[in-house]
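Coordinate analysis (summary)
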Amino acid sequence: MPTKGLCAIVTGSASGLGAATALLLAKAGMRIVVNYSNSKTEAEQTADLCAKEGSEVVVVQGDVSRDEDCRKIVAAAAPWGRLDVLVNNAGTTKHVPHDQLDGLSAEDFQRIFAVNTIGPFQMIRAARPLLEAAAKETLRASAVVNVSSVAGISGGGSSVAYAASKGALNTMTLSLSRALAPAIRVNTVCPGYIDTPWFTKGRGEAGAKQVRDTVVARVPLRAASSAEDIAQLVTFLASPASAHMTGELVRMDAGMHLLG
């Protein structure tokens, strides 16, 4: 199904999965709003790659934990007069072993939930009028794709706060898929380990390598998913090819969930 001329916002798309998703959507012919919180240079590099694919691109700074920033990000798409896809990719964590309860403060929880759970809600709320208008024009539902984690299902992951925030995002997906139908589809991707700088920033080079090696040795498919691997799934859920899917939590974890 054609996607040329559609418009997509990808939050947290300066690097990693967000950048890979923005690029795939640009290759599919969509116009892209690239969003970043702090990494301006990387965001501009992502935008350049999208532009080389022939995409119209806008770069906008904004922290999704701030409602006014969410409205600013959505406003960047307004000159195009439409918004067909919202990918809620922006996320944060704090790497703390789950048994170290004193390693997480109330402020840690509040910040992680503000970005990972409240941020997607605020983005959807801000984007709703444009998404509904696009659905009315195209006669098919617009798409919201949330990026969660298998941690939100299993209770694992980088910290208790992170797992809890992603679990809340998963249940919010179910709530909003009901509330916003039939004009807007809401689906969520739940990746396992993704081989990006995320773990290096949180655990250092040695710690990140240890995590990667452990994952590859244990998961049934003996693979470490790349950002591009997961971006393929996000792009599918963002496209008209998944027009009859809503309220789905789709795991893509190389079989990690099959482990005891």
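All of these numbers come straight from a predicted model, not from anything done at the bench.

**Looking at the packing of helix α3 (residues 67–75) against helix α4 (residues 106–138)**
- In contact at an axis separation of 9 Å, α3 and α4 are set at 40° when each is read in the N-to-C sense. Looking at the two axes, α3 sits oblique to α4. As α3 packs across α4, the resulting crossing turns out to be right-handed. Contacts from Asp 67, Cys 70, Arg 71, Ile 73 and Val 74 in α3 reach Gly 119, Gln 122, Met 123, Arg 125, Ala 126, Ala 127 and Leu 130 in α4.
- Across the contact of α3 with α4, the residue classes tally to seven nonpolar, two polar and three charged.

**Description of the UniProt feature "domain: Ketoreductase" (unreviewed entry) in the protein chain**
- Per the UniProt annotation, the sites labelled "domain: Ketoreductase" (unreviewed entry) are residues 6–197.
- In residues 6–197, the share of helix is 48% and the share of strand is 17%. The end C-alpha atoms are 30 Å apart.

**Things to note about the nonpolar core**
- One finds Leu 25, Met 30, Ile 32, Val 85, Val 87, Val 145 and Val 189 to be the most contacted residues of the largest nonpolar core, which totals 29 residues.
- Apart from residues lying up to four places away in sequence, Leu 25 is in contact with Ala 8, Val 10, Met 30, Ile 32, Val 87, Thr 235 and Ala 238.
- With 28 residues, the next largest nonpolar core counts Val 64, Ala 76, Ala 90 and Leu 176 among its residues.

**Comments concerning α4**
- When the terminal C-alpha atoms of α4 are compared, their 44 Å separation across 33 residues agrees well with the 48 Å that a helix rising 1.5 Å per residue should span.
- Leu 139 sits one or two residues past α4 and shows a positive phi near 65°.

**Let's talk about the sheet that holds strand β1 (residues 7–10)**
- Strand order in the open sheet formed by seven strands is β3-β2-β1-β4-β5-β6-β7, with parallel pairing between adjacent strands. Lying at the two open borders of the sheet, with one neighbouring strand each, are β3 (57–61) and β7 (249–252). The sheet shows a mean angle of 15° between the axes of neighbouring strands, direction not considered.
- Those strands touched by helix α6 (residues 160–179) are β5 (142–147), β6 (184–191) and β7, and its axis lies near 155° from that of β6.
- Packed on one face of the sheet, helix α8 (residues 227–238) meets β4 (85–88), β5, β6 and β7 and runs near 165° to β6.

**A word on the packing of aromatic side chains**
- Under the defined criterion, the tally for this structure stands at one aromatic pair.
- Seen from their ring centres, Phe 109 and Phe 113 are 6.4 Å apart, and the 20° between their planes marks the pair as stacked. One end of the pair is Phe 109 and the other is Phe 113, both in helix α4 and four residues apart, which spans about a single turn.

**Observations concerning the packing of helix α1 (residues 16–27) against helix α2 (residues 40–52)**
- Running from amino to carboxyl end, α1 crosses α2 at an angle of 20°, the nearest separation of the two axes being 8 Å. The angle between α1 and α2 places the two elements in the roughly parallel class. Handedness of the crossing formed by α1 with α2: right-handed. Each of Ala 19, Ala 22, Leu 23 and Ala 26 in α1 lies in contact with α2, whose residues at this interface are Thr 46, Leu 49 and Cys 50.
- Its residues placed into classes, the contact of α1 with α2 shows six nonpolar, one polar and no charged.

What counts as what
Residues numbered from 1 in each chain as written. Predicted model: local features only at pLDDT ≥ 70, side-chain atom pairs only at ≥ 80, totals over all residues. Heavy atoms only, no water. Axes fitted to C-alpha atoms, helices over the stretch in contact; angles between N-to-C directions. Helix = DSSP H or I, 4+ residues; strand = E, 2+ residues; numbered from the N terminus. Parallel < 35°, antiparallel > 145°, perpendicular 65-115°, else oblique. Left-handed = near helix turned anticlockwise from the far one by under 90°. Contact = heavy atoms within 4.5 Å. Nonpolar A, V, L, I, M, F, W, Y, C, P; charged D, E, K, R; others polar. UniProt positions renumbered as here; feature names shortened; annotations may be inferred. Core = buried A, V, L, I, M, F, W, Y, C linked by side-chain atoms within 4.5 Å. Buried < 20%, exposed > 50% of the residue type's maximum accessible area, 1.4 Å probe, protein only. Expected span 1.5 Å × (residues − 1). Pairing = 2+ DSSP bridges. Phe/Tyr/Trp six-rings, centres within 6.5 Å; stacked < 30°, edge-to-face > 60°.

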